[in-house]
Amino acid sequence: MSATATMGVAPAAAVEEADAKVVDLKAARPAAGKGETVRSAAARARHGAGAALRGWLRALAGAVLPPLAGLALLVGLWHLATMNGGGIPSPGKTWDAAVTIFADPFYQAGPNDQGIGWNVLASLQRVAVGFGIAALVGIPAGFLLGRFAVLSQMMNPIISLLRPVSPLAWLPIGLLVFQRADPAATWTIFICSIWPMILNTAQGVTRVPQDYLNVARVLNLSEWKVFTKILFPAVLPYMLTGIRLSIGTAWLVIVAAEMLTGGVGIGFWVWDEWNNLKVEHIIIAIFVIGIVGLVLEQALMLVARRFNYENR
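Small disclaimer: the values here were computed from a predicted structure and weren't measured. (Residues numbered from 1 in each chain as written. Predicted model: local features only at pLDDT ≥ 70, side-chain atom pairs only at ≥ 80, totals over all residues. Heavy atoms only, no water.)

## Topic: the overall build of the protein chain
From N to C terminus, the protein chain includes 10 helices and 0 strands. Each helix (α) and strand (β) of the protein chain, taken in turn from the N terminus, gives the series α-α-α-α-α-α-α-α-α-α. Here the protein chain holds 312 residues, and the buried ones make up 31% of them. Long-range contacts, defined as pairs at least 24 residues apart, comprise 67% of the intrachain contacts of the protein chain with a sequence gap of at least 6. In the structure as shown, the protein chain presents an accessible area of about 19500 Å², 69% of it carried by carbon and sulfur atoms. (Helix = DSSP H or I, 4+ residues; strand = E, 2+ residues; numbered from the N terminus. Buried < 20%, exposed > 50% of the residue type's maximum accessible area, 1.4 Å probe, protein only. Contact = heavy atoms within 4.5 Å. Areas by Shrake-Rupley, 256 points an atom, 1.4 Å probe, with all protein chains shown as cover.)

Shown next as structure tokens:
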């Protein structure tokens, strides 16, 4: 083979090799691009997860830290107020007493010597009975007052007269009628917790748009259909608000009533600890009463939000 032929073959081979490299580079570029895309997507996912976690932590801190700061401020002021002694026990002494009490909250050493757990349950039982009777009477009464204007005009003066009466003023009437402490306390809860349910339910009925009732009249719906299909769904948020207010009133009333009637109950337990000059136990009972009332109210607020359709 001549030198000229050899020189012609060499450049051709070089060109083919260069073309093969270019093809390899073009094939490698999409693969590299895909790898970069996957890595970018993973980085974005990690960034999004981190941002979501940071947002959740900020929301949690915003919901938890302010109440904790308020409680810390309360305990701090309490500690400062009791540093020089006096009749009010310090937070430390109260905590030690609480550890002893809650070590066995359900002990029973006699009819009138029971743990704080039994006393709270006895009070809740009375509240449940009195509040339940008030709901059975008050909610239908509220529907009737809101539905019929003449009936509302008849009952408004009576409600306005009886609603401001102090709970303790009703207790002697209950003792006179029932001759027993438990029914008297239940009566007091009933008569004091019925008014918010009546008033809020009646207010809800009056807020129902008149167009709804006009359509029901055109369709010739029965009163039962009007109640179940129109009034009840529309009034339910108002009714639950009245129930929430009533349960708070009932829990307030039972403590005062039990102080006077005696027996088993958180109110009687407070009075008994006062007679024994155990002030730290009274402070513990105050916290227990507040926590139970808060739990009852928050539970009813959750239910009320569940059935609130205004923002949906």
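Text resumes after the structure shown.
## Describing the confidence of the model for the protein chain
Scored by pLDDT, the protein chain comes out at a mean of 81, with 83% of its residues at no less than 70. Of the regions scoring below 50 in pLDDT, residues 1–11 engages in 1 contact with residues more than four places distant in sequence or in other chains. (pLDDT = per-residue confidence, 0-100.)

## Notes on the packing of helix 5 (residues 167–178) against helix 8 (residues 223–261)
Running from N to C, helix 5 and helix 8 point in directions that differ by 50°, and their axes come no closer than 10 Å. Looking at the two axes, helix 5 sits oblique to helix 8. Viewed along their axes, helix 5 and helix 8 form a crossing whose handedness is right-handed. Where helix 5 abuts helix 8, its residues Pro167, Leu168 and Leu171 lie against Val253, Ala256, Ala257, Leu260 and Thr261. (Axes fitted to C-alpha atoms, helices over the stretch in contact; angles between N-to-C directions. Parallel < 35°, antiparallel > 145°, perpendicular 65-115°, else oblique. Left-handed = near helix turned anticlockwise from the far one by under 90°.)

## Thoughts on unusual backbone geometry
One non-glycine residue, Asn220, lies in positive phi territory at about 60°. Following the sequence through the fold, Asn220 ends up in the loop between helix 7 (210–218) and helix 8. Under the relative-accessibility criterion, Asn220 is labelled exposed at 68%. A positive phi is found at Leu277, a non-glycine position, where the angle reads about 60°. Mapped onto the elements of the fold, Leu277 is located in the loop between helix 9 (266–275) and helix 10 (279–306). You can call Leu277 exposed: its relative accessible area is 64%.

## Here's the deal with the side chain of Thr186
For Thr186, the position within the fold is in helix 6 (residues 181–206). Residues in contact with Thr186, not counting those within four places in the same chain, are Val129 and Gly130.

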